[in-house]
Amino acid sequence: VFKDYVMNPQSTEGNGVKVAVLDQGVYKQHNDLNDNISTLSFDTQNGSSPSVFTSGRNHGTHVAGTIAAEKDNNLQIVGVAPQSEIMSISHNLSLTPNVSEELADGINWAWQNGAEVINNSWGDQGGVYYNQLQSSLLEDAIINALNNGRDGLGTIVTFASGNHSPAIDYPASFHDDILCIGSITSSGSRSSFSGYGTDLDVVAPGSGILSTIPTQGTASWNGTSMATPHVTGIVALILSVNPCLSSQQVRDIIEQTSQEVGGYEYTNSSTHPNGTWNNEMGYGLVDAYAAVQMAQSMSSPTLDLYVKDSPDDVGTEPT
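Please read these numbers as outputs of a predicted model, since none were measured by experiment.

A. Layout of the overall build of the protein chain. Counting its regular elements, the protein chain contains 7 helices and 11 strands. The C-alpha radius of gyration computed for the protein chain amounts to 18 Å, which stays within 12% of the reference 20 Å derived for 319 residues, consistent with globular compactness. Seen through its C-alpha atoms, the protein chain measures out along the principal axes to roughly 55 × 45 × 45 Å. Per-residue burial for the protein chain yields a buried fraction of 55% across its 319 residues.

B. Structural view of the sheet that holds strand β5 (residues 156-160). Taken in spatial order, the 7 strands of this open sheet run β2-β3-β1-β4-β5-β6-β7, and their pairing is parallel. The strands lining the two open edges of the sheet, one partner per strand, are β2 (42-43) and β7 (202-205). Sheet strands in contact with helix α1 (residues 59-68) are β1 (18-23), β3 (85-90) and β4 (117-120), and its direction is about 155 degrees off that of β1. Each of β5, β6 (179-184) and β7 is contacted by helix α6 (residues 247-257), which is oriented at about 25 degrees to β6, the strand it contacts most.

C. How the structure looks around the nonpolar core. If you look at the biggest cluster of nonpolar residues, it comprises 75 residues, and the most contacted ones within it are I86, I238 and I254. Among the elements that make up this core, the one with the highest residue count is helix α5 (residues 224-241) (9 residues). Beyond its immediate stretch of four places on either side in the chain, I86 contacts V19, V21, V26, N36, I37, S38, A64, I67 and A68.

D. Structural detail: the packing of α6 against helix α7 (residues 288-297). In the contact formed by α6 and α7, the axes pass within 9 Å of each other and the chain directions differ by 135 degrees. As judged from the angle between their axes, α6 and α7 are oblique. The interaxial crossing formed by α6 with α7 has right-handed handedness. Contacts from I253, Q256 and T257 in α6 reach A290, A291, M294 and A295 in α7.

E. Region of interest: the pairing of strand β8 (residues 209-213). Counting buried residues in β8 gives 4 out of 5 residues, a clear majority hidden from the surface. One ladder, built from 5 bridges, connects β8 with strand β9 (residues 217-221); its direction is antiparallel. Looking at β9, one finds that T212 is bridged to T218.

F. Structural context of the environment of Q76. Looking at the secondary structure, you find Q76 in the loop between α1 and β3. With a relative accessible area of 32%, Q76 lands in the partly exposed category. Separated by 140 residues in sequence, Q76 and Q216 have C-alpha atoms that sit 9.3 Å apart. A distance of 2.6 Å separates the side chain of Q76 from the backbone oxygen of Q216, its partner in a polar contact.

G. Molecular detail of a nonpolar patch on the surface. Together, L95, V128 and Y129 line one region of the surface with nonpolar side chains, adding up to about 270 Å² of accessible area. For L95, the position within the fold is in the loop between β3 and α2 (99-112). Residue L95 is classed as partly exposed on the basis of its relative accessible area, which comes to 44%.

H. Inspection of the packing of aromatic side chains at higher detail. All chains considered together, the criterion is met by 4 aromatic pairs. Where W122 meets F159, the ring centres are 5.1 Å apart and the plane angle is 75 degrees; that geometry is what we call edge-to-face. In this pair, W122 sits in the loop between β4 and α3 (130-133) while F159 sits in strand β5, placing the two residues 37 residues apart along the sequence. Each member of the pair, W122 as well as F159, is classed as buried.

I. Region of the structure containing the pattern of salt bridges. A complete count under the given rule lists 3 salt bridges for this structure. For the salt bridge of E13 with K71, the shortest nitrogen-to-oxygen distance reads 2.6 Å. Remark: K71 occurs in the loop between α1 and β3 and E13 occurs in the segment before β1; sequence separation between them is 58 residues.

J. How the structure looks around the side chain of D124. Mapped onto the fold, D124 is located in the loop between β4 and α3. For the buried residue D124, which engages in no salt bridge, the nearest side chain bearing the opposite charge is R190, 15 Å off.

Rules of the game
- Residues numbered from 1 in each chain as written.
- Predicted model: local features only at pLDDT ≥ 70, side-chain atom pairs only at ≥ 80, totals over all residues.
- Heavy atoms only, no water.
- Helix = DSSP H or I, 4+ residues; strand = E, 2+ residues; numbered from the N terminus.
- Rg over C-alpha atoms; globule rule 2.2 N^0.38 Å.
- Buried < 20%, exposed > 50% of the residue type's maximum accessible area, 1.4 Å probe, protein only.
- Pairing = 2+ DSSP bridges.
- Contact = heavy atoms within 4.5 Å.
- Axes fitted to C-alpha atoms, helices over the stretch in contact; angles between N-to-C directions.
- Core = buried A, V, L, I, M, F, W, Y, C linked by side-chain atoms within 4.5 Å.
- Parallel < 35°, antiparallel > 145°, perpendicular 65-115°, else oblique.
- Left-handed = near helix turned anticlockwise from the far one by under 90°.
- Polar contact = N/O pair within 3.5 Å; in protein donor to acceptor, adjacent residues only side chain to side chain.
- Patch = residues over 30% accessible without salt bridge, like charges linked within 9 Å, V, L, I, M, F, W, Y side chains within 5 Å.
- Areas by Shrake-Rupley, 256 points an atom, 1.4 Å probe, with all protein chains shown as cover.
- Salt bridge = Lys/Arg side-chain N within 4 Å of Asp/Glu carboxyl O.
- Phe/Tyr/Trp six-rings, centres within 6.5 Å; stacked < 30°, edge-to-face > 60°.
- Lys, Arg positive; Asp, Glu negative; His and termini not counted.

Right, dumping it as C-alpha cells:
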C-alpha cells in the first residue's frame, strides 16, 4: 500500500513552502527538525509570538516530523516534504474557556503570516466537545484562510477525520473545502478508529507511524492525527513545483490522483466529482508522486511571465 506513496526524490522536497502546524507546540530544538523551523511562530493562548512548548505535550512535534523531518542528516526519519518550513502555532489543546476563539486566532495568524497550508490534527472527539469548539469565529477563520490566504489563491486547510469511528470530528466536517483525512493500516484497510462518512476526502497511513518526539527521540503512534500530516506534506510538494495553483486546484489534484486500495467498492457519486469514492476511504490513498506530476503538468514550461486573468489561469495557451 505504501509503494505508490513513495516520492521520486528528484521531483521535489517541498522547498520553502510554509506549513503551519496548529497543535500543542513543536519542540524546535529537535535535531531532526531544527533546520526546518520557521522564525515565525505564535501562541494562541498568550496571543503573542513565539509559540510555546510544554514538556509532556509531544503531539505537535510528532505531527511536524511527518511533514518536515530533515533528509540526509543521518538521523532518525525523513518527512514527506523535508525542505518545507514549519510554522509552529501552539495551543495546549485542552478545553480552555476560550478554546474556540483561541484556535480561530491561530488559524487567522497562520494565513495572515504567509502559511500556505495549515495542518489541524485535532477536533471535537466525535462530537463530545462540539459545544465547546463550534463557533462562528472558528468557522470564519477557516473560511478566510481558504479564500484569502496565499494572496487570494487560498491557503489549504487539512483536518483529521478523528479517532471516534464512525463519527467525523468537527471542524473537519464543517466545510467542503477542508481536506478531511482518514487513516489506513499498512495492509490498506481503514484503521478501526478512523472516522468516515460523506465528508471524508482521502486516507493516508495513520497506524504505527514513526515520527519525532521531544527531546531527541522518536515514537510510533496511531491516529488520524498521524495520517493528516502525510497529506499536508503532499500539499507542500505540490506547491513547491507549482505555487500558482489555487487551493481548489490543489484539493482536486490530491483527490483525483488518490488510489483505490483495500478491496473496498468505490463508485461514482454526484456529490464527489473527482473520481470514484468510498464511504470509508474517500477517494482512496493519497499518491504523492502522481499528485506532483499532475501539478507539474498544470504549469507552463514555455512562459516565464504571465498575467493571471482568473484564479484558474495557469499560463497555458491559448486561454
